[in-house]
Amino acid sequence: MPKTEGRNATGGQQARLRVPRALSKSLARVGISKPVAHSRNASATGGLPTVLLPWNLGSYEPMNNFHPLFRKWVQAQTSVRFVRPPWAKELCQSPRYREDCSNTQYLEHGFGRVFEFEKAREFFSIQEFIFSSRLSAAAEFHHTIPFTTAKRPFFFHCESIPPVFMLMGFQGQEFDSELISNILPIYREIFESDHCLGIFSHLKSTIAEFAATFQSDKIRRKLRYLPLAADMYIRKARSDETPIFIFNNSAHQDPNSLVLRGGVFAIQILDIVRRERPGAKLLFVGSHAQRLFSEPWGLGESILKHENVREILYRNRDNIIWISGWLSEHTLDRLFASAHFFLLPSIDLHTSSVLRAMGQGCIPIVSNAYGISELISQRRNGIILNILDSSVSKMTEFGFTNTDHDAFISRFNELRDRLSREIRQHLDILVEPRSWFQLFQTMNEEFDRRFGRPVDTKFLAKPLQEDRRGVDTSGDLRGFTRDVSRDDFKRVGRQELPRIGNVRVVRYGPNVLSFDDGAVADRRVSSLEWSLNSKSKLVHCWSSFSQAAAALANQRADIPHHTRTLLSRHLEADSMNKAEITIKEVVETQESWFFTLEASMGELRSQLRRVESSLVETIGQRLSSLERTMDERTQRLLSLETVLREWSSRLLSLESMAEGRSNDLHDLRNVVQHESATRIQHIDQVNNALEDVRKTGESMLYSIAILGRGLEDIYYEQLFEKRLLLLEASSRLGKGT
């Protein structure tokens, strides 16, 4: 890989690695989606077959909607035209299941049969299923769950098997054998259908487990391995700096993910590294992650309240930079690019996060979760911590691997000790710049070899062309949008915001919604329920959290009008019932208040450090830019000086040439003058000769005339005429001469 030397803000030397990346020009598609023309045949739009992506519907919200894992796959397909339905808020109403029972033509085929189960009706929207089934397209592309009627061609992708049965159980929980046994034939019928053109996965182990789970030769022949594809961006290697780690919570910001993704393990790794490198930092990215440590709840509540965990947190409080709030994709990428190591000692596989970190030049440190060995090779493009065993990640009776979150929590202290031993074996890479830099170089090479390969641009179009049945594409096109822009892949996960009194506030994408605690029973709380809830008066949409707080303060008497933190509201409620509070509760409240105040001060210090580093970086960039500008101007001046020298030499040569020409002209002038004088003398001589000839002629004429007079008497008449003729001839001769 080519290297170039650069200069950082402080003037020290650093290496810059340029990694080949697929330019956006080569994958150019329509940047902004445009409405499709009102045609009865969507597959004929633009002369390409249309593929429906229903990922922006509310039913795909638990599956991360437009999953970034598919970005390069979708953008590289030049032989099909992608279309997507409108957002769920454009649907007219949200009918109950009994109101939809009349639409048996959609519910008796494919995934529609699953709505017979109550869990499916609580989790997914029947109206969205019917709505997407009516839309016109040549084929569908689904991921994670086959949300299709299987009445037209479709493609399916999955990362692992447990999320496929999400409605009957969730990854990390124990599956109900009876429910899986009832739903398995429905899924088998969907995938065995002739309309299923391909089942893709980027993990070979998932393909093997898919075949083992469904036990069908027809399904086995449709399984396809689809390698991952991603871009590596230009990354500066800073081998002379202290290590910077980064941990980020899941995109949907589920509080349970804080422990399951290894948030506590990340702080423990920082604590071990700081014994060798005290200046090491940890960027902890997660909505309200700091508050969860001070006020634990959820799956990892017992762990977050443990004395050892709080001690490690307190000991490293000045080295943890808490980053809360909703972050844009660009901001998150910049955070990854600013760190050296990405910490994800998780119980489950998170391919998108690992790929994103490596794409920004951040070395992943992960657990030995399912499928991770197909992405990372030990000390080649990352570090694998062997902390999970068969009791935490085990094979189910149906032939696929599933994790056990309860076992993970119960054995957490044992896993922490195992993590400490594992991280010490790789401590040289974390604390020695030279070892880290070598791993960084091999990671870039490995990334280019595994994920930088060209993408098959016809992996969807080829099966469609081979399908000879003829697709009926008549249907509803209203609201259809064409192609997929980069904005479609931005995070659309749910983010819990601080409660305002008894009002629950949730951010979904750019919107902030509020509703009474417990008013929405559906755990999914997708965009469909927020906009079309039958009790719409309980759901309100705001553009920002401050606007929601101000409006609710004016509408609700139980909410104070002035701004308060969550903790201050609890303290205010406690002060109102001071007589009923014991001394122990007061002490606990004060300790919590001091802890939160200290954490807030730590966050303030972190913000100041971030501002300082940002200023240093900005000043360094400005100085570097100014230095580059001065260098460019110096080069221009040198080039101008060279040009002036060339022109000066040319002028000198022209001057010498002009002087030589002047001498030649002077000599020529002298020659001309000499020749003129000679010619004048010659002309004078000719004139003198002519004058002598004239005088001689006149004397001859005179002699002839005299002679004529003497002969007048002899030949008077004859000679007289001859004399006249002779005189005339002599006269003409004299004039001519």
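The structure displayed is predicted, hence computed values, not measured ones. (Residues numbered from 1 in each chain as written. Predicted model: local features only at pLDDT ≥ 70, side-chain atom pairs only at ≥ 80, totals over all residues. Heavy atoms only, no water.)

### Quick look at the confidence of the model for the protein chain
Then comes step 1: Residues of the protein chain with pLDDT of at least 70 account for 71%, and the chain-wide mean is 76.
Then comes step 2: Predicted confidence for residues 1-45 stays below pLDDT 50, and this span has 102 contacts to residues more than four positions away or in other chains.
Then comes step 3: Taken as a whole, residues 520-538 scores under 50 in pLDDT and shows 51 contacts with residues more than four places along the chain or in a different chain. (pLDDT = per-residue confidence, 0-100. Contact = heavy atoms within 4.5 Å.)

### A closer look at the environment of Q607
Then comes step 1: Along the chain, the position of Q607 falls in helix α24 (residues 583-710).
Then comes step 2: Classification of Q607 as partly exposed rests on a relative accessible area of 33%.
Then comes step 3: Placed 284 residues apart in sequence, Q607 and I323 show a C-alpha to C-alpha distance of 9.0 Å. (Helix = DSSP H or I, 4+ residues; strand = E, 2+ residues; numbered from the N terminus. Buried < 20%, exposed > 50% of the residue type's maximum accessible area, 1.4 Å probe, protein only.)

### Describing the pairing of strand β7 (residues 196-201)
Then comes step 1: With respect to burial, β7 is a largely interior element, six of its six residues being buried.
Then comes step 2: Inspection of the sheet shows strand β6 (residues 154-157) paired to β7 by four bridges, in the parallel sense. By the bridge assignment, F155 is partnered in β7 with G198.
Then comes step 3: Sheet topology places β7 next to strand β8 (residues 223-225); three bridges connect them, and they run parallel. Considered in β8, the bridge of S201 is made with Y225. (Pairing = 2+ DSSP bridges.)

### Details of the pairing of β6
Then comes step 1: Every second residue of β6 is oriented toward a common face, with F154 and F156 on one face and F155 and H157 on the other, all of them buried.
Then comes step 2: Here strand β5 (residues 139-143) runs beside β6; their pairing, made up of four bridges, is parallel. The residue bridging H142 from the neighbouring strand is F156, located in β6.

### Describing the pattern of salt bridges
Then comes step 1: Counting across every chain of the model gives 20 salt bridges.
Then comes step 2: Notably, a salt bridge pairs R315 with E311, separated by 3.5 Å at the nearest N-O pair. With R315 and E311 both in helix α13 (residues 307-315) and four residues apart, this pair spans about one turn of that helix.
Then comes step 3: A relative accessible area of 44% places E311 in the partly exposed class.
Then comes step 4: By sharing partners, the salt bridges in this structure join D271, R275, E311 and R315 into a single network. (Salt bridge = Lys/Arg side-chain N within 4 Å of Asp/Glu carboxyl O.)

### A closer look at the packing of aromatic side chains
Then comes step 1: Across all of its chains, the model carries 40 aromatic pairs by this definition.
Then comes step 2: Ring geometry for F165 against F400: centres 5.9 Å apart, planes inclined by 25°, an arrangement best described as stacked. One end of the pair, F165, is in the loop between β6 and α6 (177-192); the other, F400, is in the loop between β16 (393-395) and β17 (401-403), with 235 residues separating them in the sequence. A single burial state applies to F165 and to F400, both of which are buried.
Then comes step 3: Centroid distance F336 to F342: 5.2 Å. Interplanar angle 75°. Geometry classified as edge-to-face.
Then comes step 4: Overall, F336 belongs to the buried group, its relative accessible area being 1%.
Then comes step 5: A residue is classified by how much of its surface remains accessible, and F342, at 0% relative accessible area, is buried.
Then comes step 6: Across the ring face of Y314, the terminal group of R317 is positioned such that the distance to the ring centre comes to 4.0 Å. (Phe/Tyr/Trp six-rings, centres within 6.5 Å; stacked < 30°, edge-to-face > 60°. Lys NZ or Arg CZ within 6 Å of the ring centre and 35° of its normal.)

### Focus on unusual backbone geometry
Then comes step 1: One non-glycine residue, A150, lies in positive phi territory at about 60°.
Then comes step 2: Take A150: it is sitting in the loop between β5 and β6.
Then comes step 3: According to the relative accessible area criterion, A150 is buried, its value standing at 11%.
Then comes step 4: Positioned with a positive phi, Q215 is a non-glycine residue whose angle comes to about 50°.
Then comes step 5: With respect to the helices and strands, the residue Q215 is situated in the loop between α7 (204-214) and α8 (217-220).
Then comes step 6: The class for Q215 is exposed, based on a relative accessible area of 58%.

### Quick look at the side chain of T206
Then comes step 1: For T206, the location among the structural elements is in helix α7.
Then comes step 2: Looking at T206, its side chain comes within polar contact range of the main-chain oxygen of E159, at 2.6 Å.
Then comes step 3: Look past the residues within four positions of T206 in its chain and what remains in contact with it is C158, E159, S160, I161, S201 and Y370. (Polar contact = N/O pair within 3.5 Å; in protein donor to acceptor, adjacent residues only side chain to side chain.)

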